Amino acid sequence: MQAVVKSSKKEMLQSLGIIAIFIVFLSIYLQTHKPDIWKVSPTFVAGKLTLIGNEGKFGIIKMNNPRTDLFRSGRGGLYYLYFWGKADDISGKYRLTATHKNSGQTVQLYEWPIVKGANDAGAVGQSGGRFGLNETGLWKLSVTVNEKPFDQIIVDVVP
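If you're wondering where the values come from, they're calculated on a predicted model, not measured in any experiment. (Residues numbered from 1 in each chain as written. Predicted model: local features only at pLDDT ≥ 70, side-chain atom pairs only at ≥ 80, totals over all residues. Heavy atoms only, no water.)

Enumeration over the complete set of coordinates arrives at 9 aromatic pairs. Their ring planes at 50 degrees and their centres at 5.6 Å tell us that Phe83 and Tyr94 sit as a pair that is tilted. Note that Phe83 is positioned in strand S5 (residues 77-83) and Tyr94 in strand S6 (residues 93-100), a separation of 11 residues in sequence. Put simply, the rings of Phe71, Tyr79, Tyr110, Trp112 and Phe131 touch in pairs and so form one group of aromatic residues. Taking the ring centre of Phe150 as reference, the NZ or CZ of Lys57 above it sits at 4.3 Å. (Phe/Tyr/Trp six-rings, centres within 6.5 Å; stacked < 30°, edge-to-face > 60°. Helix = DSSP H or I, 4+ residues; strand = E, 2+ residues; numbered from the N terminus. Lys NZ or Arg CZ within 6 Å of the ring centre and 35° of its normal.)

This next bit is on the sheet that holds strand S8 (residues 115-116). Pairing in this open sheet of 6 strands is antiparallel, and the strands run S1-S2-S3-S5-S9-S8 from one edge to the other. Looking at which strands have only one partner, the edges of the open sheet turn out to be strand S1 (43-46) and S8. With 5 bridges connecting them, strand S3 (residues 58-62) and S5 associate as antiparallel partners. By the bridge assignment for S5, Lys62 is matched with Tyr79. (Pairing = 2+ DSSP bridges.)

Assignment of secondary structure puts Gly56 in the loop between strand S2 (49-54) and S3. Put simply, Gly56 and Phe83 are 27 residues apart on the chain and 7.9 Å apart in space, counted from C-alpha to C-alpha.

Moving on to the sheet that holds strand S10 (residues 137-145). Sheet architecture is open: 5 strands sit in the order S4-S11-S10-S6-S7, paired in mixed fashion. Whereas interior strands pair on both sides, the edge strands pair on one side only; in this sheet they are strand S4 (71-72) and strand S7 (106-113). In this sheet, S10 lies alongside S6 in antiparallel orientation, the contact comprising 7 bridges. Residue pairing in the sheet places His100 in a bridge with Trp139 of S10.

Attention now goes to the side chain of Ser41. Along the chain, the position of Ser41 falls in the loop between helix H1 (2-32) and S1. Overall, the relative accessible area of 11% leaves Ser41 in the buried class. Dropping the residues within four chain positions of it, Ser41 is found in contact with Ile52, Gly53, Ile153 and Ile154. (Buried < 20%, exposed > 50% of the residue type's maximum accessible area, 1.4 Å probe, protein only. Contact = heavy atoms within 4.5 Å.)

If you want it as structure tokens, here you go:
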């Protein structure tokens, strides 16, 4: 009878060891392969404007024909970008890059200084830019300020 109990305890410990190893490997996998959620960023109202982005952090609006799609494939446009946060963190230059969901293609769209002061969105800083995207589908726009990651949004480029 003691042999059976010792055997079942040994099997239980082996099973627990296998489960522990599985949990460790799953944790490592999830840390290195975080799922990317490609959902179009929401719109929000800031001051007099309706922007696309993350309220209280970053927003973008198309200035020429703002009532049309934000991005149309192969067509550039004039955009205003608005930045919220601590004034010290929002100074200098911003850089905007875009990565296509399906192809993985990454392009630099624009780099320009951020202007502080009163603006229509009530943001800490703003800037403009003229750029476009050449392929339809979802794109992740990544914003850095003075070479530090600032925010990311997802946009849908239509034909």
